[in-house]
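Here is what each chain is made of, one letter per residue.
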Amino acid sequence: AILAQAPLQLPRASAVSPCSEGCPRPAVGSRLVGRLGIGSGSSGIMALEDSRQVVNALAEDLREMDKALRDWKAQRVELKSAVQRLIDVLPAEGQGKTTPLVVMTLNLQYFASYPADQEQALGKLKQALGGPNPPDVICVQEGLASRDVLKDVGFELIICTGALKLAQSVREMVYSDAAALKACAEENHDQLLCNQLYLRKDSAWVVEDKGAERISSDTTLEGGGNRVHGPLAIRSMGWLKLKKQGTASPSVFVMCTHITGGRFEDQYFVQQLAEERLRQPERCIDVFKGRKGAKDDDIGILVGDFNATETYKADGPMNSYFKFGIKGSEGVKSDAQAANIPEDGIESIFAEYMVSPFKAIKELNWTFAYGDEIGVTSAFGHLIDHMAMSKKVPVKSVEDGWIPCASGSSLADLSRPLPSPAQFPCPVLPLPNPPAQSCFCPTPLPSPAPAHQRPDLDEIPPRENSWRRTFDLDGDPPVVATTNSWADMLDSDEDPPGFSL
């Protein structure tokens, strides 16, 4: 830099002494520039000019190097700031492994079988909702808008379809059926039956948006044959948009619903309800498709009670349900006759009606997080609680459990500990002559049950059930490690040789 700024001045040599070969040689007192002698002769002048060209070229190179170094320092500051901003939104080391998204579906059956002893009930909830992977989100079906039992176990109610006037009373939802109303406390008969979404208070996931939509149509159930009748009960869907705080994880939309169906409404399957069950999951997914600020990496998870298993099998539980509760209905026979459906063709129409929600979801290219390999969640012996995803997301773990209850069964001993998730599912003990409206619960085994053991379809499963799924939504941990190494390098004041990004 000094050479580039100062004029070049080289002294003349006073004399030149020829060498033995006759070439000029600088006398004493002359200066050497590089290996060229400088003198007063013509050869000395040429050497001087060559030297000046070399020094000028060197000075130009030094100027360019100086500019490059200054630019690098400025760029390094900007790069360091950009990388730091990237680090700020990425999970800390190990965070992605310890805080995945855990979603639970929980059907409370309007507290018809909820323990009367509140302390024991609270203890059971703590056991069911605890463990190494506590749920971040709980999707409740058949809860009561007037009752919040999860706040005492660390969960905050975010969405209640009852509070948003998208629900009806227990009485209306069971079509004023006397036997169904008798199964729950009288003070609950006129309470709003609803879907709810809860978020664990210390969850790493935060709510960015929320809402609810009605998904059922204005349809009236008409017909005799000792069936219920009247306007179709309202069905709704509540949803949350979640983001894992302090990370670049995708946004997740968790939707909770309870699709039309069940023993009251299933008897109208010959009429228009097959189309109704087909459209309701489509309406749920339409809400996800129409979300504000949509991004390609957003993930939708539809959770709820579908009142059916994905596949209808000729010798399966839905076939048994058809034979037991549908085939002999006078109302069903009357509808089939009016529609000119032969008796041997009724079951195929019933099968199409039952699996119609799954058909709709698959046609929209959504996938299911699990299948009937996990066991049963219905008193008729089939899996009715499901989770569908907008894209294939790795399911890191599976936990399923039942919450013992008090009504309808003397076998549910609330003083005994609830089995750990590793012990589920455990065999269900059949009860003799069960009352039609009671909720039967398993007796926890004294010792852990084998993990592969499943209840027989002929045995009576519990109605109050929960299913927990853990989704892996984080990025690749090495990305975090690489980013941290960039930050460490940029924290240094040294210019790393050969550094490139």
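This structure is a prediction, so every number in the text was calculated from the model and none was measured.

*Asks:* Would you explain the overall build of the protein chain in this entry?
*Replies:* Check the secondary structure of the protein chain and you find eleven helices and 19 strands. Counting only residues that meet the buried cut, the protein chain has 48% of its 501 residues in that class. Restricting to contacts in the protein chain with at least 6 residues of sequence separation, those with at least 24 account for 78%.

*Asks:* Looking at this structure, I do not really get unusual backbone geometry. What am I missing?
*Replies:* Glycine aside, a negative phi is what most residues show, and trans is what most peptide bonds show. In the Ramachandran plot, S176 falls in the positive-phi region, its phi being about 60° despite a non-glycine side chain. Within the element layout of this structure, S176 appears in the loop between helix 5 (170-173) and helix 6 (178-182).

*Asks:* I'm lost on the pairing of strand 5 (residues 101-107) in this one. Help?
*Replies:* Along any regular strand the residues' side chains alternate between the sheet's two faces. Judged by how many residues are buried, strand 5 sits mostly within the fold: seven of seven residues are covered. Covered by surrounding structure in strand 5 are L101, V103, T105 and N107 together with V102, M104 and L106, the residues of both alternating faces. Where strand 5 and strand 6 (residues 137-144) come together, five bridges link them in parallel fashion. In the strand pairing of strand 6, L106 is matched with V140. In this fold, strand 5 hands off to helix 4 (residues 118-129), which returns the chain to strand 6; that crossover is right-handed.

*Asks:* How do you make sense of the nonpolar core when you look at a structure like this?
*Replies:* Ranked by internal contacts, the top residues of the largest apolar core, which has 65 residues, are Y110, I138, L150 and F350. Contact partners of F350, with chain neighbours within four places excluded, come to F269, Y312, M318, Y321, F322 and I326. Judged by nonpolar contacts, the second largest core, of 24 residues, contains L101, L197, V252 and C256.

*Asks:* I keep staring at the pairing of strand 6 and nothing clicks. Help me out?
*Replies:* With eight of its eight residues buried, strand 6 lies for the most part within the structure. Pairing between strand 6 and strand 9 (residues 192-200): six bridges, direction antiparallel. Paired with C139 across the two strands is L197, which belongs to strand 9.

*Asks:* What should I look at first to understand the sheet that holds strand 10 (residues 205-214) in this one?
*Replies:* Across a sheet, strands are paired by hydrogen bonds formed along the backbone, either parallel or antiparallel in direction. The mixed open sheet is built from six strands, whose spatial order is 10-13-14-15-17-16. Each having just a single partner strand, strand 10 and strand 16 (367-368) make up the two edges of the open sheet. Both strand 15 (residues 299-305) and strand 17 (residues 385-389) contribute to a ladder of five bridges, which runs antiparallel. Within strand 17, the residue paired with G304 across the bridge is H386. Along the sheet face, helix 7 (residues 269-289) touches strand 10, strand 13 (236-244), strand 14 (252-258) and strand 15 and points at about 160° away from the line of strand 14.

*Asks:* Is there a simple way to think about the state of the cysteines in this case?
*Replies:* In protein structure, a disulfide is the covalent linkage between the sulfur atoms of two cysteines. Within this structure, the stated rule accounts for zero disulfides. Free of any disulfide, C256 has its nearest cysteine sulfur in C139, 4.5 Å distant. A relative accessible area of 0% means that C256 is categorised as buried.

*Asks:* What exactly am I supposed to notice about the pattern of salt bridges here?
*Replies:* Pairs can form between side chains of opposite charge once their charged atoms are near each other. Scanning all chains against the criterion turns up 16 salt bridges. Among the ionic pairs, R283 bridges to E276, the shortest N-O distance being 3.6 Å. Within the structure, one salt-bridge network assembled from shared partners comprises D136, R200 and D202.

*Asks:* Explain the packing of helix 7 against helix 9 (residues 330-338) to me, please; I cannot follow it from the model alone.
*Replies:* Packed helices, taken two at a time, are described by their axes: the angle between them and the distance between them. At their nearest, the axes of helix 7 and helix 9 sit 10 Å apart, and the two run at 90° to each other. Looking at the two axes, helix 7 sits roughly perpendicular to helix 9. On helix 9, the residues that touch F269, V270 and Q271 of helix 7 are V332, D335 and A336. Of the residues assigned to the contact of helix 7 with helix 9, the class counts are four nonpolar, one polar and one charged.

*Asks:* Would you explain the packing of helix 7 against helix 10 (residues 346-363) in this entry?
*Replies:* It is at 7 Å that the axes of helix 7 and helix 10 come closest, and there the two elements cross at 10°. With respect to each other, helix 7 and helix 10 are oriented roughly parallel. For the pair helix 7 and helix 10, contact is made by F269, L273, A274, R277, L278, P281, E282 and I285 and by I346, I349, F350, Y353, M354, S356, P357, K359, A360 and I361, respectively. Here the contact of helix 7 with helix 10 is built from residues that sort into 14 nonpolar, one polar and three charged.

*Asks:* Looking at this structure, how should I read the packing of aromatic side chains?
*Replies:* Two aromatic rings are characterised by how far apart their centres lie and by the angle between their planes. This model, assessed by the stated rule, comprises 13 aromatic pairs. The cationic tip of R291 hangs over the ring face of F288; the distance from NZ or CZ to the ring centre is 4.0 Å.

Conventions we followed
Residues numbered from 1 in each chain as written. Predicted model: local features only at pLDDT ≥ 70, side-chain atom pairs only at ≥ 80, totals over all residues. Heavy atoms only, no water. Helix = DSSP H or I, 4+ residues; strand = E, 2+ residues; numbered from the N terminus. Buried < 20%, exposed > 50% of the residue type's maximum accessible area, 1.4 Å probe, protein only. Contact = heavy atoms within 4.5 Å. Pairing = 2+ DSSP bridges. Right-handed = clockwise from strand over helix to strand, strands pointing away. Core = buried A, V, L, I, M, F, W, Y, C linked by side-chain atoms within 4.5 Å. Axes fitted to C-alpha atoms, helices over the stretch in contact; angles between N-to-C directions. Disulfide = S-S within 2.5 Å. Salt bridge = Lys/Arg side-chain N within 4 Å of Asp/Glu carboxyl O. Parallel < 35°, antiparallel > 145°, perpendicular 65-115°, else oblique. Nonpolar A, V, L, I, M, F, W, Y, C, P; charged D, E, K, R; others polar. Phe/Tyr/Trp six-rings, centres within 6.5 Å; stacked < 30°, edge-to-face > 60°. Lys NZ or Arg CZ within 6 Å of the ring centre and 35° of its normal.

Any functional reading would require information that these geometric values do not contain.
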